[in-house]
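Survey of secondary and tertiary structure
Now for the letters of each chain:
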Amino acid sequence: MERSLFRFIIRHSKREQAMILPLVIASMLIYFSMLDLPKAIINEAIQGKRFPSADTTVAFLQVQPTLPQFLGGRTLAIFDGFPLQQLPYLLALTLAFLALIVVNGALKFQINTMKGWLGERMLRRLRYALFDHILRFPMSRFRRVKSAELATMIKDEVEPLGGFVGESLIAPTFYALEAFTAMFFIMYQHVYLGLIALAVVAAQAMIIPRLRRRLLVLSRERQLSARQLAGRIAEVADGAIEVHANDTSNYERAEISSRLGRIFRIRFELYQRKFMIKFLNNFLSQLAPFCFYLVGGALVIKGSLDIGTLVAVIAAYKDLPSPIKELIDWDQQRLDVQIKYTQVIEQFAVEDLSPAALQAPVADAQLPPAQGALRVSGLSLSGEAGTKILDGVSFEVGLEQHVAVLGSHASGAGELAQLLARLLAPSSGRIEVGGVDITKAPESVTGRALAYVGPSAYLFPVSVRDNLVYGLKHFPLREAAYEGEALAEREFQVREVRRTDSTQLDFNADWIDYAAAGAAGPEDLDARIAEFLRVVDLEETIFELGLRSAVDGARHPGLADSALRARAAMRARLGAPGMQGLVEQFDAARYNRNATLAENLLFGTPIGSKIFDIENLASNSYVRQVLREQGLAEDLLKMGHKLAETMVELFSGLPPGHEFFERFSFIRQDDLPEVKAVLGRVADAGLAGIEEADRDLLLALPFKMIPARHRLGLMDEAFEGRILAARRAFAANLPAEMRGGVEFFDADRFNGAASLQDNILFGKVATGQAQAGTRVGAMLHDVLEELRMRPQVVSIGLGYQVGIGGARLATPDRQKLAIARALLKRPVVLILDQAASGLDAGAQNRIVSSVLESRKGQCVVWTLQRNDLAERFGHVLVVERGRIAEQGRFADLKGSGGALQKLLSAG
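Procedures and definitions
Residues numbered from 1 in each chain as written. Predicted model: local features only at pLDDT ≥ 70, side-chain atom pairs only at ≥ 80, totals over all residues. Heavy atoms only, no water. Helix = DSSP H or I, 4+ residues; strand = E, 2+ residues; numbered from the N terminus. Rg over C-alpha atoms; globule rule 2.2 N^0.38 Å. Buried < 20%, exposed > 50% of the residue type's maximum accessible area, 1.4 Å probe, protein only. pLDDT = per-residue confidence, 0-100. Contact = heavy atoms within 4.5 Å. Phe/Tyr/Trp six-rings, centres within 6.5 Å; stacked < 30°, edge-to-face > 60°. Lys NZ or Arg CZ within 6 Å of the ring centre and 35° of its normal. Core = buried A, V, L, I, M, F, W, Y, C linked by side-chain atoms within 4.5 Å. Axes fitted to C-alpha atoms, helices over the stretch in contact; angles between N-to-C directions. Parallel < 35°, antiparallel > 145°, perpendicular 65-115°, else oblique. Left-handed = near helix turned anticlockwise from the far one by under 90°. Nonpolar A, V, L, I, M, F, W, Y, C, P; charged D, E, K, R; others polar. Salt bridge = Lys/Arg side-chain N within 4 Å of Asp/Glu carboxyl O. Polar contact = N/O pair within 3.5 Å; in protein donor to acceptor, adjacent residues only side chain to side chain. Pairing = 2+ DSSP bridges.

In terms of helices and strands, the chain carries 33 helices and 18 strands. Over its C-alpha atoms the chain spans a radius of gyration of 39 Å, topping by over 25% the 29 Å that the globule rule assigns to 907 residues. Taken along its principal axes, the extent of the C-alpha atoms in the chain is 120 × 85 × 55 Å. In the chain, which comprises 907 residues, the share counted as buried stands at 45%.

Quick look at the structure:
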């Protein structure tokens, strides 16, 4: 990337800059005419200098260009003009002035539009180039730079560069020409007045830039401080567990407060100096008009200057400070932006950046053969301090073998796995897979022939399915179809991509390499995914996620009918002897004591918007109206007050994470102080005297109450009957604009807003029944198996959103998902670096066995945490201090008294 901002601008935008320049010159000619025309209007049309006597009624409006006298003063008449009376003459000149205004405005509009397009294109180019550099960073670079800082630089710090690029060459040209034109006009009108204007402008040009030098230093400090603040906040967010576990939240608050204080001081000084400079600049700008009125007025009184010329000079100078100020601002912006650009480029300038050719898109890469050998010769790796992490590692195994790599934490075994996956570049040596040197192969080969899973795999914040097929997205294999407006938009985007040197690959195309996964197409991909989910013992988890997911029946054809059949089958089984009472079915005429009061009132599931969400019901105007009409509002408020008192009494003194917080989920632990404050205000003013926000908080508590679960004795059958009456009123009078906010329960309809499990059960599992949840779950599984719905449910589970970094999945499930992702692409060599270390011993045993069984006859290199698992592998490598201490069959090495036996004894 270009180190100089202006070289970057000129290199990529000189053509567009040259296209704008003629418009700028044309606008200056119009601008000069706009300065000169008012003098003619005043002197000739208004004062009547072209009308010699009072009874003269005719003037000649001549159309002819006139050069200034010092340029020759020649007049070239295009035609002699036509006669006009004084009033029409005035009208003609003012209309000409209006036409000049319109033309000048149109030119400026076009110039600004072209500058805007240019700036946005260059900003897009720069952001893409920076992101491209991130993708080409060596892995070691990510250990020295914070991801939040990289994101901040690309998103925020380069933002001003986009605005400046469009201004970089055109703006100074425009403003300089505008200032020169105004100054030339003033000098042309009167030399003394021109010298006054020139003196003021010179003072501004000399004083203001010097005062602004300190602003540049402050701007740089502000930028660095803000970047460091963003990085530190990201660190605290990532380490939230450690913060709470060690009670360091106040320490972190103090540090952030200190950083904010430093930024405040910088910004305060910045604004003080900025406003001081603004004051001085405004003072100098107003000094010239003072002199014009004084000197020019004296000249008019003496008859040395006509009033029209003075007005024209004052009008011209009124426009002069603006371009001068803009030029000074531009110079300030130039220095500021150059500093920002240099700082950003320094962060992205990496010596060992991966060549762009290694990541060139390839549709059909030539992969190494699945037969042959994995051959490592003289492999060495040096650390950042120059220490040898691996030194002269050499071995050879067949591509059909399973290889276990053993070693202590600092042995270099993990680095060896990353070298084999081409995530690290060796200091020396070769790695050959089927005769192909992967240390020099492009990523189109290594990314398909190799698969790597580390000890802490990362999942993207998308669905389970998207995470699984991520390893199959190398190149768009099937183009997206576009029509009408979408096609026009795609063509526009392609043109813009070409102008900014971005990739022309279509993100909306189908990127999935189904053949690599052993699938013929999208229709049987889920079946292949399910196979590998079973290998890593994750299919049941995905099945459960599918059951708990809300499903849109329109996106899953046939699902609604299947779910209704399953509902009927479950109802039949639940009616069998010994099964009755396990699930309390929804019934429009009965209160469901295993559901919340909110569910009983709505008798349905909220859809989309949060107007009927349980957290918002208390403040919903229509719900409040229904409660008032049914006489329930005050009773529920009193009930909420009683619940608050009970919860505060119950929770006070309990440690964080106590089971009562889960069982009585009315109030979160963090909300206890607020609830106590509300109770204090109720004690002072009574329920009738508290504010609306406090009423909403108390009124919201009963909506979460489940009588069969909480058993607080606050509801009787009579009260339940009143809730049923409110339910009927709620449904009967629901406003038309709110009808799309809730989907009511109906025994004969599929509820698209409810989870699949709730649709099938059409009720709530009864609380208090022995092992009711387990028995109902087993029954539900049996029904789905009988109806052959399991694949469909798993497919729904694959659409589950895993959250940021996979946070919505348990840690073991994240690792299993990453292993399944690696298996799905069916690599020539599967490299696992302590990939199962986060699982319990039993799960590790099962997954190691099932993975090796699924990869029978295919190469697996597994860096193991548990040394005893190496017995299941055909070949063992023992790494000590960066060297291969010994290698061979587990049985042969175990009793040899060598490195393996020492590891087994130590473990």
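Per-residue confidence for the chain averages 84 on the pLDDT scale, and 93% of its residues sit at or above 70. Here residues 54–60 is a poorly scored stretch, pLDDT under 50, and it has 17 contacts once near neighbours within four places are set aside; other chains count. A low-confidence stretch, residues 62–79 stays under pLDDT 50, and its non-local contacts, those more than four residues away or across chains, total 22 contacts.

A separate point is the packing of aromatic side chains. This structure, assessed with the given rule, holds 17 aromatic pairs. When the centroid spacing of 6.2 Å and the interplanar angle of 85° are considered together, the rings of Phe745 and Phe762 count as edge-to-face. In this pair, Phe745 is assigned in the loop between strand E13 (742–744) and helix H27 (756–761) and Phe762 in the loop between H27 and strand E14 (763–765), connecting sequence segments 17 residues apart. Residue Phe745 shares its accessibility class with Phe762, and that shared class is buried. By way of ring pairs, the aromatic residues Phe586, Phe603, Phe745 and Phe762 are connected into one cluster. Sitting over the ring of Phe543, Arg790 keeps its end group 4.3 Å from the ring centre.

The subject of this paragraph is the nonpolar core. Ranked by internal contacts, the top residues of the largest apolar core, which has 81 residues, are Leu468, Leu533, Met570, Leu756, Leu784, Val851 and Trp862. Not counting the four nearest positions on each side in its chain, Leu468 is found in contact with Ile529, Leu533, Leu798, Leu817, Ala820, Arg821 and Leu824. Membership of the second largest hydrophobic core comes to 46 residues, among which are Ala618, Val626, Leu701 and Met738.

This part is about the packing of helix H3 (residues 147–157) against helix H7 (residues 213–238). Running from N to C, H3 and H7 cross one another at 135°; their axes reach a closest spacing of 9 Å. Taken as axis vectors, H3 and H7 run oblique relative to one another. Judged by the twist between their axes, the crossing of H3 over H7 is right-handed. Along its contact with H3, which presents Ala148, Glu149, Thr152, Met153 and Glu157, the element H7 presents Gln223, Arg227, Gln228, Ala230, Gly231 and Ala234. Residues of the contact of H3 with H7, tallied by class, amount to four nonpolar, four polar and three charged.

With that out of the way, let us pick up the pattern of salt bridges. Within this structure, the stated rule accounts for 39 salt bridges. Of the charged contacts in the structure, one is a salt bridge between Arg624 and Glu692, with a shortest N-O distance of 2.4 Å. Taken together, the positions of Arg624 in helix H20 (residues 621–629) and Glu692 in helix H24 (residues 692–700) put the pair 68 residues apart, joining distant regions of the chain. For Arg624, a relative accessible area of 14% puts it in the buried group. One connected set of salt bridges, linked through shared partners, spans Arg375, Glu396, Arg430, Glu432 and Asp437.

Turning our attention to the environment of Glu544. Inspection of the secondary structure puts Glu544 in helix H17 (residues 539–548). Along the sequence, Glu544 and Ala421 sit 123 residues apart, while their C-alpha atoms lie 34 Å from each other. Here the side chain of Glu544 touches His781 through a polar contact of 3.1 Å, side chain to side chain.

This brings us to the sheet that holds strand E5 (residues 402–406). Ordered in space as E8-E15-E16-E5-E17-E18, the six strands form an open sheet in which the pairing is mixed. With partners counted over all chains shown, the strands left at the sheet margins are strand E8 (450–453) and strand E18 (883–888), one partner each. Direction aside, neighbouring strands of the sheet carry axes that sit 15° apart on average. Sheet analysis places E8 next to strand E15 (residues 829–833), joined by four bridges and oriented parallel. Across the sheet, the residue bridging to Ala451 is Leu830, located in E15. Helix H31 (residues 841–854) rests against E5, E15 and strand E16 (859–863) of the sheet, and its axis sits at about 160° to E16. Sitting on the sheet, helix H33 (residues 899–906) is in contact with E5, strand E17 (875–880) and E18, with an inclination near 80° to E17.

Mapped onto the fold, Arg232 is located in helix H7. A relative accessible area of 16% means that Arg232 is categorised as buried. Here Glu252 takes part through its side chain, which lies 2.8 Å from a polar atom of the side chain of Arg232. A distance of 3.1 Å separates a polar atom in the side chain of Arg232 from a polar atom in the side chain of Glu255. For Arg232, the contacting residues outside a window of four places in its chain are Lys146, Glu252, Glu255, Ile256 and Arg259.

A sheet is described by the order of its strands in space; here four strands give the open sequence E4-E3-E6-E7, paired in antiparallel fashion. Each edge of the open sheet carries a strand with a single partner, namely strand E4 (388–398) and strand E7 (436–437). Sheet topology places strand E3 (residues 373–382) next to E4; seven bridges connect them, and they run antiparallel. Of the residues in E4, the one forming a bridge with Leu374 is Val397. Seen against the sheet, helix H12 (residues 413–420) touches E3, E4 and strand E6 (428–433) and runs at an angle of roughly 60° to E4.

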